[in-house]
Amino acid sequence: MQRHVDNTQTGDGTDAEQEEAPLLAQQPSFRTGLCSARCGLALVLHVSLFVAYALRVSLSIAIIAMTNSSHPHGWSSSAPHSNYPAFAQDAPVYNWSAETQGIVLSSFFYGYGLTQALGGYCSGLLGGKPVLGSGLLLSSVLTLLVPQAAELGVSFLIGLQALLGLAEGVIFPAQYTLWAKWAPPLERSRLMNIADAGCTFGTFFALLVAGIICQSLGWPFVFYIFGGVGCVWCLCWFLLVYEDPAHHPCISAREQEYIMSLLAHQQQVERPKKAWTACPGDVRQERRHWLMFYSFQGSSHGHSLPLVAMAKSLPLWAITIACFCTDWLFYMLLTSMPTFMSYVLHFDLRDNGLFSSLPYVGNGLGHILAGLLADFLLARRVLGTAAVRKLFSALGMLLPAIFLVAVPYIGCSSTVVVVLLTLALTIISMTGAGININHIDIAPRYAGFLLGVTNTFGIVAGIIAPTAVGLLVSRDLQTGWRNAFFVSAALNLFGLIFYIAFGSGTIQDWAREDTAVQ
């Protein structure tokens, strides 16, 4: 399927491999700046994901004050918090068992997994802006209702959490639909990873601040404050964000032409032969040509999807399998490692909130650094798109697996365990410049839908992984943990090998414009 050509300028409409073509050689130059519209979109998305994840994790801390007790084992040490000596006395306290708390906390993910693909499909039809904004607004409103749902009964709270998962499930796929229209190929890694870093920074902030709010104001104010901030931010979202560069009223003509021409060039369609500077009439005519072409390239994909071709696509299966394996290890680190440190190493993370917050900070910074480095390699033509995606996927999947295998053999050194946990969650963020954005490389028209599909597989891995760990550990503590770590490492190695073998960095035939028209 892949045909490689030399890195020379191509003036005709041949099917050259885009990942090897010098994308900037024939295009207008426009450096990324903090005042550019696309950089502004990255910052707005960063804040939006920050808010979304703050809403998502707020209950995991507030439930301590709601029950005035510890979390169930899977959560007791995963959140950075301290043993607060006293909570606000005016807030109600509920007598929920550890099992009930676990059901309440996990109910979010069942709703979250149902709307991933649907959110990507709807964002392709309606646009990423309204879908993401609506999902975030609904999530904020539902968060405001948590205290009332808890007062009505635990079943109402479980239902509300499932609805919150349904609302937040559309956010990530809609974001990818937006980036398919806004991110030039050589800037995708940095722009998308700056936005994605909002997830971990939002988690870090919420887990630290929510405990303080519970202690000083009472746990209901966690949901009132976070939900209120979310509603206010949604107003900013609808005012500041535009679906694509063609409809942005404040974008400069130079940046608009830069984004549209690079995205159009990615489709490998022959450019008009006339020069940009021939005469004013020709410039306007050529600019209109690119605008019309880009509007079609970045438009919604319509009601029909090439599902059969997608199901037969090995590059798509490579992303899906790699995402499943990576998320298995990721959720292993977030949920099972704290339990390992508590029961095997007898280390209590609650004694120092900073230590347990370090992985979130490292992951957020790792996302940004990985994006900058990946785009640097692409811009300098050190590696092609596929090679960069595979390199960062290899680093983000292999090194954390090695750290995970090493943990059972360390002994009782809690400091080394914290270092390895922080390094693992930091380095796994390098997949943000690899498999996590490869959807846009192979099928920009369907990026939101494909992200929803692969995210669904990842969520399934996140549900299965803790259960598998529990089954292994229940038989024998030491041997069970060692086997659980080996299984996670083996899965990651398999996913990496499959991705390296079948992954791609070019637009697939079923995702091209002419195929879509036919």
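Scroll up to find the structure.
Residues numbered from 1 in each chain as written. Predicted model: local features only at pLDDT ≥ 70, side-chain atom pairs only at ≥ 80, totals over all residues. Heavy atoms only, no water.

A few words now on the overall build of the chain. Tallying secondary structure elements over the chain gives 21 helices and zero strands in all. The burial tally for the chain puts 56% of its 518 residues in the buried class. Taking the contacts inside the chain whose residues are at least 6 apart along the sequence as the reference set, 84% of them involve residues at least 24 apart. On the chain, roughly 20,800 Å² of surface is accessible, and the fraction owed to carbon and sulfur atoms is 67%. (Helix = DSSP H or I, 4+ residues; strand = E, 2+ residues; numbered from the N terminus. Buried < 20%, exposed > 50% of the residue type's maximum accessible area, 1.4 Å probe, protein only. Contact = heavy atoms within 4.5 Å. Areas by Shrake-Rupley, 256 points an atom, 1.4 Å probe, with all protein chains shown as cover.)

Before going further, it helps to examine the packing of aromatic side chains. One pass over the full model with this rule turns up 13 aromatic pairs. Between Phe108 and Tyr112 the ring centres are 5.3 Å apart and the planes differ by 25°, which places this aromatic pair in the stacked class. In this pair, Phe108 and Tyr112 both sit in helix 3 (residues 98–114), four residues apart, roughly one turn of the helix. As far as the burial class goes, Phe108 and Tyr112 line up, both buried. One aromatic cluster in this structure is built from Tyr94, Trp96, Trp219 and Phe223. Residue placement shows Arg56 over the ring face of Tyr112; its charged tip is 4.7 Å from the ring centre. Seen from the ring of Tyr242, Lys129 lies directly overhead, with NZ or CZ sitting 5.3 Å from the centre. (Phe/Tyr/Trp six-rings, centres within 6.5 Å; stacked < 30°, edge-to-face > 60°. Lys NZ or Arg CZ within 6 Å of the ring centre and 35° of its normal.)

Another point: the environment of Val131. Mapped onto the fold, Val131 is located in helix 5 (residues 128–144). For the pair Val131 and Ala167, spaced 36 residues apart in sequence, the C-alpha separation works out to 9.7 Å. In contact with Val131, not counting residues within four places along its chain, are Gly119, Cys122, Ser123, Leu126, Val170 and Ala174.

Another point: the packing of helix 16 (residues 385–406) against helix 17 (residues 414–427). Helix packing geometry: the angle between the two helix axes and the distance between the axes. Following both chains from N to C, one finds helix 16 and helix 17 inclined at 165°, their axes separated by 8 Å at the closest point. As summarised for this structure, helix 16 and helix 17 are arranged roughly antiparallel, according to the angle between their axes. Note on packing geometry: the crossing formed by helix 16 with helix 17 is left-handed. Each of Leu395, Gly396, Leu399, Pro400 and Phe403 in helix 16 lies in contact with helix 17, whose residues at this interface are Leu420, Leu423, Ala424 and Ile427. Looking at the contact of helix 16 with helix 17 residue by residue, the classes come out as eight nonpolar, one polar and no charged. (Axes fitted to C-alpha atoms, helices over the stretch in contact; angles between N-to-C directions. Parallel < 35°, antiparallel > 145°, perpendicular 65-115°, else oblique. Left-handed = near helix turned anticlockwise from the far one by under 90°. Nonpolar A, V, L, I, M, F, W, Y, C, P; charged D, E, K, R; others polar.)

The next subject is the state of the cysteines. Scanning the entire structure with this criterion turns up zero disulfides. The thiol sulfur of Cys323 is not disulfide-bonded, and the nearest other cysteine sulfur, from Cys325, lies at 9.4 Å. Take Cys323: its relative accessible area is 7%, and that puts it in the buried class. Cys325 sits in the buried class, given a relative accessible area of 2%. (Disulfide = S-S within 2.5 Å.)

Before going further, it helps to spend a moment on the environment of Ala65. By the element assignment, Ala65 lies in helix 1 (residues 37–67). Linking Ala65 and Ala91, residues 26 residues apart in sequence, is a C-alpha distance of 8.5 Å.

Taken together, the side chains of Leu217, Phe221, Tyr224, Ile225 and Val229 present a nonpolar region at the surface, about 410 Å² in accessible area. Structurally, Tyr224 is set in helix 10 (residues 220–240). (Patch = residues over 30% accessible without salt bridge, like charges linked within 9 Å, V, L, I, M, F, W, Y side chains within 5 Å. Salt bridge = Lys/Arg side-chain N within 4 Å of Asp/Glu carboxyl O.)

As a further point, take helix 4 (residues 116–126). Turning to helix 4, its buried residues are Gln116, Gly119, Gly120, Ser123 and Gly124. The buried side chains of helix 4 occupy one side of the element, clustering within an arc of 135° when seen end-on. Close packing links the buried residues of helix 4 with helix 3, helix 5, helix 8 (171–182) and helix 19 (447–475). Backbone geometry just after helix 4 places Gly127 at a positive phi near 110°. (Arc of directions from axis to C-beta.)

Nothing here speaks to function; it is all geometry.
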